[in-house]
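Take a look at the letters that make up each chain.
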Amino acid sequence: GSWNHYYAERLNHQGSPAVLSFAHEIQALSKNLWRTGFVTCPETCSMDTAWSDCQCQCDADAIAGMKSYDVLNAAGVLDSADYFDSEDHVISKFKDENGTIYYELPNYTAEESMVIYDDLLTMLCSPGHIGDMFQATSSNDITFWVLHGTLDRLWHFKRLGNMQNYDETWDPYHTC
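Being a predicted model, the structure only gives us computed values, none of them experimental.

Engineer: Quick question: what am I supposed to make of the state of the cysteines here?
Structural biologist: Here a disulfide denotes a covalent bond joining the sulfur atom of one cysteine to the sulfur atom of another. Evaluated as defined, the whole model comprises three disulfides. Each disulfide pairs two cysteine sulfurs, and for Cys41 the partner residue is Cys56, the sulfurs being separated by 1.9 Å. Around the S-S axis, the bridge from Cys41 to Cys56 shows a dihedral of about 110° and counts as right-handed. Pair noted here: Cys41 is in the loop between strand S2 (39–40) and strand S3 (57–58) and Cys56 is in the loop between S2 and S3, with a separation of 15 residues, a long-range link. According to the relative accessible area criterion, Cys41 is partly exposed, its value standing at 30%. Residue classification places Cys56 among the buried residues on the basis of a relative accessible area of 19%. Disulfide partner of Cys45: Cys54, at an S-S distance of 1.6 Å. Taking the sign of the S-S torsion, 100° for the link of Cys45 and Cys54, the bridge is right-handed. Disulfide connectivity for the protein, with bonded cysteines indexed by sequence position, reads 1-4, 2-3, 5-6.

This is the structure:
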């Protein structure tokens with residue numbers, strides 16, 4: 001999982017489970033900002049370093065004078081981000097068919113669009129922390145195989161022991 005990414009706080013602890021799926025996108029998209037030099041991370045942190053002092057953050061010098069949408073575009077974030085506005089509407093197109101950035105997003109004012117771009121950059125500048133089994137490489141950790149099989153057996157046990165209360169309708173679109 002991931003934690004300390006400030007997404008819930010940014011939304012005032014509100015949002016649907018679908019909106020919180022963006023929290024899992026934060027780390028992947030933040031890597032794009034890191035690879036392009038817009039986000040810097042500490043080289044090391046000692047065990048007595050507070051977590052708040054051991055986080056990645058946007059490099060103020062690297063983004064100086066740039067608009068949020070320009071930073072996000074230069075890092076390739078706008079090509080793959082799905083973002084949810086304050087009313088849980090998904091925004092997945094930040095460019096027109098010619099690849100030009102929407103400075104004013106469809107169905108939003110210029111001011112609302114700038115807030116969306118600013119919020120997106122702010123959250124990606126503070127990606128928080130991820131666990132060892134968050135990414136696709138989790139299967140490289142030997143404990144993954146023990147934990148994965150054990151959880152599968154626990155789900156099956158729960159299902160067999162409580163069929164009248166077990167919900168079989170859970171579709172693949174849930175985020176938790």
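Engineer: Quick question: what am I supposed to make of the side chain of Ser68 here?
Structural biologist: Looking at where Ser68 falls in the secondary structure, it is placed in helix H5 (residues 68–74). If we skip the residues at most four places from it in the chain, Ser68 touches Met114, Tyr117, Asp118 and Leu121.

Engineer: What exactly am I supposed to notice about the side chain of Gln55 here?
Structural biologist: Note on placement: Gln55 falls in the loop between S2 and S3. Reaching out from Gln55, the side chain makes a polar contact with the backbone oxygen of Ser52 at a distance of 3.4 Å.

Engineer: Can you walk me through the nonpolar core in this structure?
Structural biologist: As a rule of thumb, soluble globular proteins bury nonpolar side chains together. Ranked by internal contacts, the top residues of the largest apolar core, which has 28 residues, are Leu33, Leu72, Val77, Phe94, Tyr117 and Leu124. Elements that contribute at least two residues to this core include exactly helix H3 (22–35), H5 and helix H6 (110–125). No other element matches H6, which puts seven residues into this core. In contact with Leu33, other than residues within four places in its own chain, are Phe38, Val39, Val71, Ala75, Val77, Leu121 and Leu124.

Engineer: Could you clarify how one ought to interpret a negative patch on the surface in this entry?
Structural biologist: A cluster of like negative charges, contributed by Glu87, Asp88, Glu104, Glu111 and Glu112, occupies part of the molecular surface. Secondary-structure assignment places Asp88 in the loop between strand S4 (83–84) and strand S5 (90–91). On the basis of relative accessible area, Asp88 is assigned to the partly exposed category, the value being 34%.

Engineer: Just to check I follow, could you spell out a nonpolar patch on the surface for this structure?
Structural biologist: On the surface, Leu151, Leu154 and Trp155 cluster together into a nonpolar patch covering about 330 Å² of accessible area. As for its placement among the helices and strands, Trp155 is situated in helix H7 (residues 142–161). Using a relative accessible area of 48% as the deciding quantity, one classes Trp155 as partly exposed.

Engineer: Looking at this structure, I do not really get the packing of aromatic side chains. What am I missing?
Structural biologist: By convention here, two paired aromatic rings are described through the distance between centres and the angle between planes. Evaluated as defined, the whole model comprises four aromatic pairs. On the basis of an interplanar angle of 65° and a centroid distance of 4.7 Å, the ring pair of Tyr69 and Tyr103 is categorised as edge-to-face. Here Tyr103 lies in the loop between S5 and H6 and Tyr69 lies in helix H5, a separation of 34 residues in the sequence. Given a relative accessible area of 13%, Tyr69 falls into the buried group. Relative to Trp145, the ring of Phe144 lies with its centre 4.9 Å away and its plane at 90°, an arrangement referred to as edge-to-face. Judged by its relative accessible area of 17%, Phe144 is buried. Looking at Trp145, the relative accessible area reads 54%, which means it is exposed. Of the aromatic side chains, those joined through ring pairs into one cluster are Tyr69, Phe94, Tyr103 and Tyr117.

Quick notes on the rules
- Residues numbered from 1 in each chain as written.
- Predicted model: local features only at pLDDT ≥ 70, side-chain atom pairs only at ≥ 80, totals over all residues.
- Heavy atoms only, no water.
- Disulfide = S-S within 2.5 Å.
- Helix = DSSP H or I, 4+ residues; strand = E, 2+ residues; numbered from the N terminus.
- Buried < 20%, exposed > 50% of the residue type's maximum accessible area, 1.4 Å probe, protein only.
- Contact = heavy atoms within 4.5 Å.
- Polar contact = N/O pair within 3.5 Å; in protein donor to acceptor, adjacent residues only side chain to side chain.
- Core = buried A, V, L, I, M, F, W, Y, C linked by side-chain atoms within 4.5 Å.
- Patch = residues over 30% accessible without salt bridge, like charges linked within 9 Å, V, L, I, M, F, W, Y side chains within 5 Å.
- Areas by Shrake-Rupley, 256 points an atom, 1.4 Å probe, with all protein chains shown as cover.
- Salt bridge = Lys/Arg side-chain N within 4 Å of Asp/Glu carboxyl O.
- Lys, Arg positive; Asp, Glu negative; His and termini not counted.
- Charge placed at Lys NZ, Arg CZ, Asp CG, Glu CD.
- Phe/Tyr/Trp six-rings, centres within 6.5 Å; stacked < 30°, edge-to-face > 60°.

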